[in-house]
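# Breakdown of the fold
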Amino acid sequence: IRCYASVSITKQQATAAAAKAESFLSGSNTLYVEEMYESWLQDPNSVHKSWDVYFRNVNAGAPPGQAYQSPPSFSSFTPPAVQGPDQAGQVSDVVDKHLSVQSLIRGYQVIRGHSVAQLDPLGILDADLDSTTPPELMLNSYDLVLFNFPSPLRFAPNLTQNNFVFQKFKISSRNILYLVQNSYCRSIGVEYMFINNYEQCNWIRQQFEPPGVTQLTDNEKRLAWERLLRSTKFEDFLAKKWTSEKRFGLEGCEMLIPGLKTIIDCASENGVNSFVLGMPHRGRLNVLANVIRKELDQLFCQFDSNLRDEGSGDVKYHLGMSHQRINHVTNKLINLSLCANPSHLEAVDPVVQGKTKAEQFYLDDGNGEKVMSILMHGDAAFSGQGVVYETFHLSDLPDYTTHGTIHVVVNNQIGFTTDPRHSRSSPYCTDVAMVVRAPIFHVNADDVEAVVHVCKVAAEWRMKFRKDVVIDLVCYRRNGHNEMDEPMFTQPLMYQKIRNHPNVFKIYTDKLKQEGLVKQSDIDNKLNEYEQICETSLESSKEISELNFRHWLDSPWKGFFQDVHGTVDLKMADTGVSEDVLQHIGKVFSQNADLTIHSGLRRVMKAREELVGNRVIDWALGEALAIGSLLKEGTHVRLSGQDVERGTFSHRHHVLHDQKMDKKVYVPLNDLYPKQASYTVCNSSLSEYGVLGFELGYSMTNPNSLVCWEAQFGDFNNTAQCIIDQFISSGQAKWIRMSGLVLLLPHGYEGMGPEHSSARPERFLQMQNDDPDHFPESITGDFVVRQLQDANWIIANCTTPANLFHILRRQIALPFRKPLIIFTPKSLLRHPLARSSFDEMLPGTEFQRIIPENGPAAQNPEKCRRIIFCTGKVYYEILKERSDRGLVEDVAITRIEQIAPFPFDLVQAEMNKYPNAGIHWLQEEHKNMGFYDYCKPRLRTACSWTRRIHYTGRKPESAAAAGSKAEHLKQQKSLYDDAF
């Protein structure tokens, strides 16, 4: 009995060494033979008998070139004797032909079959921008004439080169070329062999290689046709009724709608009941109507420019919504949420992912079995926008993964007017997906059944492997960039072709008529039926007298508001906390459980414990007490950003690491109370745009959560400016969408140079919506809450840990949600004066919008000659300078902690207190930056324009700060001299 698997390693090495001398075993053939040899070791029957004999002879000691013998004609035989050298040529010829066939198959399967697939509906462009036929797909590259191949071929089932077309049976050489072309070169092109997972590659091959695998049943064909009818006729109806309106229609890619619905059907069948969608403006109205199922009259009334609602509103093709309905294929209840998106095409990608992650968290859906995201893209944006790459790189990170997203690229084969040959350097617009090894399915959008099949496969892939997948829907754009645009200026030949090209509905209708699946009477009835639905809805829309954008919320917070109009009770809960809670959280936060922690960290923990014992907190303790007390009250808290677990400045240490055991960590704030809420603190990838968008989406899902994003340095927010401008500052005005997201932006001039000093507060303040020339009419009663409710966001620059504690807790105590921008300190993290007592956090205490002067100058305000208003850490510097110069009775210093909305009432009272004092605004930022331009007109309004506002600070500059430490110190001294 021969035990093939027991061949010694030494013998294998000797065999391999002998094989190196053989020319037919060189180059790429070596890998193939090695894999076949491994297969033979496991099961000799897995290879052709000629190879079986060959490997037996090699193991017996024959040189590889002399080991071949023609297979015997009987099944029981004695292994043949070693043959002479005169048969080496015969062996080489047979092996070369087998390897050539394998290489040809592999060329189609792995390398470039997708390159010659018939993907362009217009037949004028190659999807990969290369019109040549790859040599890997040409017979003459292998010196092979298939039709003269002497015998049927048999392929080993266990080899990676094999595929499901050939592994079960012997195949005639005449059929090989037809079969591989049929699998890889018709309306579907598959890119997947960059995936380094054998199971996943085999699974994909099973979906595309067996003959007839893409065939639909008659019922599936009819369903696809009916969905295509609605997709097409919806656009026709809009074009007919609003001929001069921009709507960014879907003409040319009507198959997007049946494709999306197929994805939803398959995922719903597999247990998904909530779908979060993101998309650009092209086709959005069609998706709202035919996928989300927004009422048509509510859609049509958006074309009436005379209707208004609260806020600024937005154009109809930017709006989103959330809707629950029955999926008629699976008869299951599903929720569909389409996120609102500005014209920045891919900006919504990370927002969708964050919202999906949050829904999965709150549903305890740890594997993405219930909630799934679908992202639609344009071809030019998918390859051109960096946020696509940033979002992809979140896909497998533990605290960011949504367990697989289905990406659908509406590949118009053109940007606005830019030819794809000038808009990307990669062969395909989808090549960016390779960075996460997502399979890519290119498909001709005019082949209805191919699109449906690909969408099924994509949904099944996502549900099976929980990984991203990309569908490249190669189509065209029948109109210009919008319906008013003339594309013939820049793409004359393409649009001549498009003008004469029938739409996909006509193409598929003709096909089904030939197959006898639809009759002309059926077609007419269905067309008339849908036309009547649209006409009836149009008439209903004319009766709508006002828009209600609350009907378009993509994240409705059920139960949070008092009514459908968003009414709230303008009362704010107490942000103070009892002594025992503060003591308990402080003590736990100062412990390290059973971890062996770093010696330096032991000193930090001991210092924390001493502070708690003395009822005093520093910055890190103030933040931890706010988070811990919210967790105790059942509020989920999430803190994300670069290096947030430790903190950029090594002050936070929310995740403790054992010094002797890898991956052994302890999070004290998750060990406070048995029934506390969960605290997620996670270091992000080195991304701002993508991660901030993700956290915004996360914050939109549940109002009863505190979601914070911290920049490594404050000015790093500028690479996320699109999210800040288009979503955070204006999201409520445009889309009636609230968010309580907190941005923590380290800020302060400490000689670190232009890029690590300023968080650019001027940019945030410029977008604040309060009027600098209007003093509030009523500053009594609930003024503070009303002013916050009217603001688009809140901007603060805290100087005490207690104020940080209160403002974080206030985010949840408010009866509504607003974004909060906090300019956080660096040097104050350990400054001996930047401490607060427990007394400042007990019940009845609250956030101080300003902290007025409380020294000698305040005791005799009439004699005070100057009052300085400032904000942030510069307060402690001028406080020391005032003391050193002996001016504590002559100069009052008042800190403004809440910059926006501006505390007009408190500032006015402070000005009135010092009637004889000159009023100065002091800042460490340059005059054209920082807080001056925002605060000066409001200070003047607070004093009724009766007193002059003086400026003290750095002169205007283009760079945010000096690069030289010496120059920084020189500027600081000048600032102190000017102040006094």
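Everything quoted here is computed from the prediction, not taken from an experiment.

## What to know about the overall build of the chain
Secondary structure assignment for the chain yields 31 helices and 24 strands. By the burial criterion, 59% of the 980 residues in the chain qualify as buried. Sequence separation of at least 24 residues holds for 80% of the intrachain contacts in the chain that already meet a minimum separation of 6.

## With respect to the packing of helix α7 (residues 218–241) against helix α8 (residues 256–269)
Relative to each other, α7 and α8 sit at 130°, their axes nearing to 8 Å. As the angle between them shows, α7 and α8 are arranged oblique. Considering only the axes of α7 and α8, their crossing is right-handed. Taking contact as the criterion, the partners of A224, R227, L228 and S231 in α7 are, on α8, I257, P258, K261, T262 and D265.

## Things to note about the pattern of salt bridges
The tally for this structure, following the rule as stated, stands at 38 salt bridges. Of the charged contacts in the structure, one is a salt bridge between E535 and K241, with a shortest N-O distance of 3.0 Å. Of the two residues, E535 is situated in helix α17 (residues 520–541) and K241 in helix α7; the sequence distance between them amounts to 294 residues. You can call E535 partly exposed: its relative accessible area is 21%. What makes K241 partly exposed here is its relative accessible area of 34%. Here E695 and R638 are joined by a salt bridge, their closest N and O atoms 2.7 Å apart.

## What to know about the sheet that holds strand β19 (residues 850–851)
What the 5 strands build is an open sheet, ordered β19-β21-β20-β23-β24; its pairing is mixed. One side of each edge strand has no neighbouring strand; the edge strands of this open sheet are β19 and β24 (949–954). In this sheet, strand β23 (residues 918–926) lies alongside strand β20 (residues 866–870) in parallel orientation, the contact comprising 4 bridges. Its bridge partner lying in β23, R866 is registered against G918. Against the sheet, helix α29 (residues 904–913) contacts β19, β20, β21 (891–896), β23 and β24, and its axis sits at roughly 160° relative to β20.

## Topic: unusual backbone geometry
As a rule of thumb, non-glycine residues mostly have phi less than zero, and peptide bonds are mostly trans rather than cis. Note that the residue after A900, namely P901, is joined by a cis bond; omega there is -5°. Within the secondary structure, P901 is located in the loop between β22 (898–900) and α29. Positioned with a positive phi, R466 is a non-glycine residue whose angle comes to about 55°. Within the chain, R760 stands out as a residue other than glycine whose phi angle is a positive 60°.

## Re the environment of E877
Within the element layout of this structure, E877 appears in helix α28 (residues 874–884). C-alpha of E877 to C-alpha of Q972: the two residues are 95 residues apart in sequence and 9.5 Å apart in space. The residues contacting E877, other than those within four sequence positions of it, are E924, Q972 and Y976.

## Remarks on the sheet that holds strand β7 (residues 440–444)
Two modes of strand pairing occur in sheets, parallel and antiparallel, and in both the strands are linked by backbone hydrogen bonds. Read from one edge of the open sheet, 8 strands run β1-β7-β8-β6-β5-β2-β4-β3, paired in mixed fashion. At either margin of the open sheet sits one strand with a lone partner, and together these are β1 (188–191) and β3 (321–327). Averaged over all adjacent pairs, the angle separating strand axes in this sheet is 20°, with direction ignored. Pairing geometry for β3 and strand β4 (residues 332–338), over 7 bridges, is antiparallel. Each bridged residue has a counterpart across the sheet, and for I326 the counterpart in β4 is L333.

## What to know about the packing of aromatic side chains
Evaluated as defined, the whole model comprises 26 aromatic pairs. Between F823 and F931, the aromatic rings sit 5.9 Å apart at their centres with planes inclined by 85°, giving edge-to-face as the arrangement. One end of the pair, F823, is in strand β17 (residues 820–824); the other, F931, is in the loop between β23 and α30 (932–942), with 108 residues separating them in the sequence. By relative accessible area, F823 is classed as buried at 1%. Ring pairs connect the aromatic residues F237, W242, F300 and F303, which therefore count as one cluster. Over the ring of Y698 we find R638, and its NZ or CZ is 4.7 Å from the ring centre. Seen from the ring of Y934, R938 lies directly overhead, with NZ or CZ sitting 3.6 Å from the centre.

## Considering the pairing of β4
Of all 7 residues in β4, 5 are buried; the element is thus mostly enclosed. Strand direction decides the pairing type here: strand β2 (residues 274–278) and β4, joined by 4 bridges, are parallel. Bridging across to β4, V276 finds its partner in S337. Between β3 and the antiparallel strand that follows it, β4, lie 4 residues; N331 among them carries a positive phi value of about 60°.

## Thoughts on the side chain of S590
Tracing the backbone through its elements, the reader meets S590 in the loop between α18 (579–589) and α19 (599–613). The exposure class of S590 is buried, given its relative accessible area of 4%. In terms of polar contacts, S590 uses its side chain to reach the backbone carbonyl oxygen of G586, at 2.7 Å. Those residues in contact with S590 that lie beyond four places of it in its chain are M605, R608, E609 and V612.

## What about α19?
Residues that lie three or four places apart on an α-helix share one face, since the helix turns once every 3.6 residues. The first and last C-alpha atoms of α19 sit 21 Å apart over 15 residues, in line with the 21 Å expected at 1.5 Å per residue. Inspection of α19 places G600, L601, M605, R608, L611 and V612 among the buried residues, and these make up the whole buried set. Seen along its axis, α19 keeps its buried residues to an arc of 140°; they face one direction. Across from the buried face of α19, at angles greater than 90 degrees, the exposed residues are R603, K606 and G613.

## So, the environment of L125
Its place among the elements puts L125 in the loop between α4 (88–112) and α5 (173–184). Classification of L125 as buried rests on a relative accessible area of 19%. Discounting chain neighbours no more than four positions away, the residues touching L125 are D120, Q413, P420, R421 and M494.

## Some words on the packing of helix α11 (residues 348–362) against helix α21 (residues 689–701)
Relative orientation and spacing of two packed helices are given, respectively, by the angle between their axes and the distance between those axes. Axis separation between α11 and α21 bottoms out at 6 Å; the angle between their running directions is 45°. Put simply, α11 runs oblique to α21. As for the relative orientation of α11 and α21, their crossing is right-handed in sense. When α11 is examined against α21, the residues P350, V351, Q353, G354, K355, K357, A358, E359, F361 and Y362 are found in contact with a partner set consisting of Y689, G690, G693, F694, L696, G697, Y698, M700 and T701. Of the residues that constitute the contact of α11 with α21, the class distribution is 10 nonpolar, 6 polar and 3 charged.

## A few points about the side chain of R866
With respect to the secondary-structure elements, R866 resides in strand β20. Although R866 is buried, it forms no salt bridge, and the closest oppositely charged side chain is D978 at an N-O distance of 8.1 Å. Engagement of the side chain of R866 in a polar contact is seen with the backbone oxygen of D978, the distance being 3.4 Å. Those residues in contact with R866 that sit more than four places away from it in its chain are D890, V891, A892, A917, G918, H920, D978, A979 and F980.

## A look at the pairing of β7
Buried residues dominate β7, accounting for 5 of its 5 residues. Residue alternation in β7 divides its side chains into two sets, I440, H442 and N444 and F441 and V443, and both sets are buried. Bridge analysis of β1 against β7 gives 4 bridges, and the strand direction is antiparallel. Following the sheet pairing, G189 is matched in β7 by H442. The pairing of β7 with strand β8 (residues 469–474) spans 5 bridges and is classified as parallel.

## With respect to the confidence of the model for the chain
Per-residue confidence for the chain gives a mean pLDDT of 87, with 87% of residues at or over 70. Counting interchain partners and residues more than four positions distant, the pLDDT-below-50 stretch residues 1–11 has 12 contacts. Across residues 71–77, where pLDDT falls below 50, the model places 4 contacts with residues more than four positions away in sequence or in other chains.

Reading the values: rules and limits
- Residues numbered from 1 in each chain as written.
- Predicted model: local features only at pLDDT ≥ 70, side-chain atom pairs only at ≥ 80, totals over all residues.
- Heavy atoms only, no water.
- Helix = DSSP H or I, 4+ residues; strand = E, 2+ residues; numbered from the N terminus.
- Buried < 20%, exposed > 50% of the residue type's maximum accessible area, 1.4 Å probe, protein only.
- Contact = heavy atoms within 4.5 Å.
- Axes fitted to C-alpha atoms, helices over the stretch in contact; angles between N-to-C directions.
- Parallel < 35°, antiparallel > 145°, perpendicular 65-115°, else oblique.
- Left-handed = near helix turned anticlockwise from the far one by under 90°.
- Salt bridge = Lys/Arg side-chain N within 4 Å of Asp/Glu carboxyl O.
- Pairing = 2+ DSSP bridges.
- Phe/Tyr/Trp six-rings, centres within 6.5 Å; stacked < 30°, edge-to-face > 60°.
- Lys NZ or Arg CZ within 6 Å of the ring centre and 35° of its normal.
- Polar contact = N/O pair within 3.5 Å; in protein donor to acceptor, adjacent residues only side chain to side chain.
- Expected span 1.5 Å × (residues − 1).
- Arc of directions from axis to C-beta.
- Nonpolar A, V, L, I, M, F, W, Y, C, P; charged D, E, K, R; others polar.
- Lys, Arg positive; Asp, Glu negative; His and termini not counted.
- pLDDT = per-residue confidence, 0-100.

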